[in-house]
Amino acid sequence: MMKYLEEKIGLILLYILFIFIQFAFGYLLGFDISVMLSLFIFCTLLLVSYLIISYRKLIKQVQKIRTLTDNLEEKYLIAEVLTKPKDIKSSAYYYALKKATKSMNDEISKLEHKYRDYREYIESFVHEVKTPISALLLYCDNHKDTELKGEVQKIDNLVEQVLYYARSENPEKDYFIKSIKLSDIIHQVLMQNKDYFLKHKISIETNNLDIEVATDEKWLIFVINQIVNNSVKYMEKDKKVITFDAREDKNKIILEILDNGCGIKESDLIRVFEKGFTGSDRKKSRSTGMGLYLAKKICNKLGLEINIYSKYKEGTKVEIIYPKSNFNKMD
């Protein structure tokens, strides 16, 4: 209210001047004081009524604009839905807002076009480079060169990260939801990593995986692969074990991936899903810090929850939580 009165200070000062002149003329002309007081009260009531009505009307307009803005998902389009004001000052602001909005929308369109071109180039590059990678893997199998195959698989994993990073902004355009057993998902993950498990003598344990979830098979395999790759990089114990376990309750299905590796320091644990974070351990300097970041980002896009728990020097547990819905009840 005080801001409003400050804006109307000119009108209020003009009214005070008017009253002063009115009383001066009335005194000089010998008007009855009661008549002048009645006129003063009448004029004051008119002014106060005008200020109150004008203030309430302004508040309604402000609240309408705020509500409209809050309810608008793409707020940069606000100028398109606002009613053009009638007063000159507000019309000037409205004109400036329309021009600024148009300029911003044009810039957004340019950026979206650049991003689309960049994504298409990355996807094309990945598909092209996959061919020689597959040929190299086949060569390694034919010549039983496990050392070279391990390095080629690392390249393949990094190329996969690039592809999914490019697609992760809009995965809904690329995924297909269907009902699938967790055992089938984990089987594919194990087959993709079997050579590494055998070479480094990593034991695999599976429990209670005969549970169906509704998700995109390809994206989920990529997420679990990132978790597994993160687990196996730093397993230094004589007996290396990764366990896949699942449980089901009324509202959700939880897939647990446990390892008995080096674990994560408590100070690092809250940052493991950050982009590019590799931890304070110098041994992890060769890590890109992208695997868990992408896993978290993709889970968020797919409506899944991912949590990580760890004890340094003991091991790590990652949970992927699937909320039950009508999708999970598919036949």
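Structure: see above.
Residues numbered from 1 in each chain as written. Predicted model: local features only at pLDDT ≥ 70, side-chain atom pairs only at ≥ 80, totals over all residues. Heavy atoms only, no water.

K.L.:
When you look at unusual backbone geometry in this model, what are you seeing that I'm missing?
P.N.:
Excluding glycine, a negative phi dihedral is what most residues carry, and trans is how most peptide bonds are arranged. The backbone phi angle of K144 is positive, close to 50 degrees, even though this residue is not glycine. Looking at the secondary structure, you find K144 in the loop between α5 (88–142) and α6 (146–167). Using a relative accessible area of 70% as the deciding quantity, one classes K144 as exposed. Positive phi is not limited to glycine here, since N208 has a value of about 55 degrees. With respect to the helices and strands, N208 occurs in the loop between β2 (202–207) and β3 (212–216). (Helix = DSSP H or I, 4+ residues; strand = E, 2+ residues; numbered from the N terminus. Buried < 20%, exposed > 50% of the residue type's maximum accessible area, 1.4 Å probe, protein only.)

K.L.:
Teacher, can you tell me more about the packing of helix α7 (residues 182–192) against helix α9 (residues 217–232) here?
P.N.:
Helix packing geometry: the angle between the two helix axes and the distance between the axes. Between α7 and α9, whose axes approach to 10 Å, the crossing angle comes to 55 degrees. If you check the angle between α7 and α9, you find them oblique. Regarding α7 and α9, the two cross each other, and that crossing is right-handed. Between α7, through I185, I186, Q188, V189 and Q192, and α9, the contact on the second element is made entirely by E217, L220, I221, I224, N225 and V228. Taken together, the residues that form the contact of α7 with α9 break down as 7 nonpolar, 3 polar and 1 charged. (Axes fitted to C-alpha atoms, helices over the stretch in contact; angles between N-to-C directions. Parallel < 35°, antiparallel > 145°, perpendicular 65-115°, else oblique. Left-handed = near helix turned anticlockwise from the far one by under 90°. Contact = heavy atoms within 4.5 Å. Nonpolar A, V, L, I, M, F, W, Y, C, P; charged D, E, K, R; others polar.)

K.L.:
Just checking my understanding: could you explain the pairing of strand β6 (residues 305–311) for this structure?
P.N.:
The side chains of a regular strand alternate between both faces of the sheet. By the bridge criterion, 7 bridges tie β6 to strand β7 (residues 315–323) in an arrangement that is antiparallel. When the bridges of β7 are listed, I308 appears paired with V318. A loop of 3 residues connects β6 with β7, the two strands running antiparallel in sequence, and K313 in this loop sits at a positive phi of about 75 degrees. (Pairing = 2+ DSSP bridges.)

K.L.:
Looking at this model, I keep getting lost on a nonpolar patch on the surface. Mind explaining?
P.N.:
Together, L11, L14, L17, F20, I21, F25, L28, L29, F31 and Y50 make up a nonpolar patch on the protein surface, roughly 1100 Å² of accessible area in all. Sorting elements by how many residues they give to the nonpolar patch places helix α2 (residues 9–29) first, with 8 residues. Examined against the element boundaries, L28 turns out to sit in helix α2. Residue classification places L28 among the exposed residues on the basis of a relative accessible area of 69%. (Patch = residues over 30% accessible without salt bridge, like charges linked within 9 Å, V, L, I, M, F, W, Y side chains within 5 Å. Areas by Shrake-Rupley, 256 points an atom, 1.4 Å probe, with all protein chains shown as cover. Salt bridge = Lys/Arg side-chain N within 4 Å of Asp/Glu carboxyl O.)

These values are about where atoms sit, not about what they do.
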